[in-house]
Amino acid sequence: MAHTITLIPGDGIGPEVADATRRVLEASGVKIEWEVHNAGAAVAEKRGTTLPDEVLESVRRNKVALKGPIGTPIGKGFRSVNVTLRQALDLYANVRPIRSLPGVEPRFEGTDIVIVRENTEDLYAGLELMIMPGVAQSIKLITERACARICEYAFDYAEKMNRKRVTVVHKANIMKLSDGLLLEVFRKVAMRFPRIEPAEVIVDACALQMVKNANKLDVIVTENLYGDILSDLGAGLVGGLGIVPGANIGISSAVFEAVHGTAPDIAGKGIANPTALVQSAVMMLHHLGEHTAATKIEKGLLATFQSGVRTADLSGTAGTEDFTRALCDAIGRA
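Reference entry: report on the structure contained in this document. (Residues numbered from 1 in each chain as written. Predicted model: local features only at pLDDT ≥ 70, side-chain atom pairs only at ≥ 80, totals over all residues. Heavy atoms only, no water.)

The next point concerns the overall build of the protein chain. Along the backbone of the protein chain there are 11 helices and 12 strands. A compact globule built from 334 residues should have a C-alpha radius of gyration of about 20 Å, and the protein chain, at 20 Å, falls within 12% of that. Judged by the C-alpha coordinates and their principal axes, the protein chain covers about 55 × 45 × 40 Å. Within the protein chain, contacts between residues at least 6 apart in sequence are counted, and of these 74% link residues at least 24 apart. (Helix = DSSP H or I, 4+ residues; strand = E, 2+ residues; numbered from the N terminus. Rg over C-alpha atoms; globule rule 2.2 N^0.38 Å. Contact = heavy atoms within 4.5 Å.)

Another point: the nonpolar core. Soluble globular proteins tend to pack their nonpolar side chains together in the buried interior. Formed by 83 residues in total, the largest nonpolar core has its most connected members in L25, V166, M210 and F256. Here this core gets nine residues from one element, more than from any other, and that element is helix α5 (residues 144-160). Ignoring anything within four residues of it in the chain, the contact list for F256 reads V64, A65, L66, K67, G246, A247, I249, S280, M283, M284 and H287. Counting residues in hydrophobic clusters, the runner-up holds 13 residues, among them I8, A39, A65 and L91. (Core = buried A, V, L, I, M, F, W, Y, C linked by side-chain atoms within 4.5 Å. Buried < 20%, exposed > 50% of the residue type's maximum accessible area, 1.4 Å probe, protein only.)

It is worth spelling out the packing of aromatic side chains at this point. Evaluation of the coordinates by the stated rule reveals five aromatic pairs. Ring geometry for Y92 against Y153: centres 6.3 Å apart, planes inclined by 90 degrees, an arrangement best described as edge-to-face. Placement of the pair is Y92 in the loop between α4 (81-88) and β4 (93-99) and Y153 in helix α5, with a sequence separation of 61 residues. For Y92, a relative accessible area of 11% gives the class buried. Aromatic pair F155 and F186: ring centres 5.4 Å apart, planes at 40 degrees, arrangement tilted. (Phe/Tyr/Trp six-rings, centres within 6.5 Å; stacked < 30°, edge-to-face > 60°.)

Positive phi values are uncommon outside glycine, yet K63 reaches one of about 75 degrees. Structurally, K63 can be placed in the loop between α3 (53-62) and β3 (64-67). At D218, a residue that is not glycine, the phi angle is positive and equals roughly 65 degrees. Looking at the element boundaries, D218 is found in the loop between α7 (203-213) and β10 (219-222).

Packed helices, taken two at a time, are described by the angle their axes make and the gap between the axes. For the pair helix α1 (residues 14-28) and helix α9 (residues 275-288), interaxial distance at closest approach is 9 Å and the crossing angle is 45 degrees. In this view, α1 runs oblique relative to α9, as classed from their interaxial angle. Pair α1 / α9 crosses with right-handed handedness. Contact residues: α1 offers V17, A18, T21, V24 and L25, while α9 offers L277, V278, A281, M284 and L285. (Axes fitted to C-alpha atoms, helices over the stretch in contact; angles between N-to-C directions. Parallel < 35°, antiparallel > 145°, perpendicular 65-115°, else oblique. Left-handed = near helix turned anticlockwise from the far one by under 90°.)

This part covers a nonpolar patch on the surface. Where nonpolar side chains cluster on the molecular surface, the patch consists of L127, L129, I131, M132, V135, I139 and L141 and spans about 550 Å² of accessible area. The element best represented in the nonpolar patch is strand β6 (residues 128-132), accounting for three residues. One can find M132 in strand β6. (Patch = residues over 30% accessible without salt bridge, like charges linked within 9 Å, V, L, I, M, F, W, Y side chains within 5 Å. Areas by Shrake-Rupley, 256 points an atom, 1.4 Å probe, with all protein chains shown as cover. Salt bridge = Lys/Arg side-chain N within 4 Å of Asp/Glu carboxyl O.)

Our focus in this paragraph is the pairing of strand β1 (residues 3-8). Of all six residues making up β1, five are buried, and the element is well covered by its neighbours. Bridging between β1 and strand β2 (residues 32-36) involves five bridges; their strand directions are parallel. Residue pairing across strands places L7 opposite V36, the latter belonging to β2. Across three bridges, β1 lies against β3 in parallel orientation. Paired with L7 across the strands is L66, a residue of β3. (Pairing = 2+ DSSP bridges.)

Before going further, it helps to examine the pattern of salt bridges. Taken as a whole, this structure holds 22 salt bridges when the rule is applied. Residue E197 is joined to R165 by a salt bridge in which the shortest nitrogen-to-oxygen separation is 3.2 Å. Within this pair, whereas E197 is found in strand β9 (residues 197-202), its partner R165 is found in strand β8 (residues 165-170), the two being separated by 32 residues in sequence. In this structure E197 comes out as partly exposed when scored by relative accessible area, which is 40%. The partner of K188 in a salt bridge is E184, and the shortest N-O contact between them spans 3.4 Å. Of this pair, K188 and E184 are both found in helix α6 (residues 178-190), four residues apart, which corresponds to roughly one turn of the helix. With a relative accessible area of 47%, K188 lands in the partly exposed category. Owing to a relative accessible area of 42%, E184 belongs among the partly exposed residues under this scheme.

Pasting the structure below:
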């Protein structure tokens, strides 16, 4: 059965890594029919909006999308496409696996954690106002509903993926009402998952723990702002944003994305690293139940890195085409 999936190539190197990822998916044997829609800074110049209505309509209809990096024009009047997608589609769970790859020199060998970030509220809700000239206020919005469903998602994910622990990251020692609500809900949810060990850590202590013994944290569940910062810290542990996948999961839709930037300085030069979007596509295949194809790509990717084929951002010499061809060949042998 063919899957119909929305593809949003994005800006900068987005079209290059999206094309490479399409070839990798084809090599895995999975059948996909693509609905290609453009969004981002380039679209804004022509359409006056970064996210045309037909893009959201396509994702709602197909329920699954694969998205390259997208830029937001600097200045007032344009909302972030990423934030708009998450809010419009209620993609409440941002999932970021952080795992070392062979042949890529990480800060620590064997890093393997997952960050589950609440995606719809907290300071990222953008509720700001000027109280008076020279005094700005940003409202930290935390609801019991959002806390419950992100904690439930994290524990359910841990069970399905055979993880041992879920660690909630908070600052409830200072923000006793808002972060205290997350902590209270986490403890209630944890009682329904007796096979998973619950743990609690303050956000600054978590940052320290991540550079000492990240795997002790296992699955992290946290608020929007903390999760955004810790996700990039985690990427730095394993080689950078160029290899880390990401997913935004909602009740009826899911968007899988490369979390790195658009890299306009190297766009069109044929040296972009498609690994992040490829790994995001692997998450997408698991989401669709295409586990055989996902496993073939995972094995092919490991074999490619073990063979020493790497792009320039990882101190290698392979271009996008060289890397993609080597990965497709490795998938064929998997």
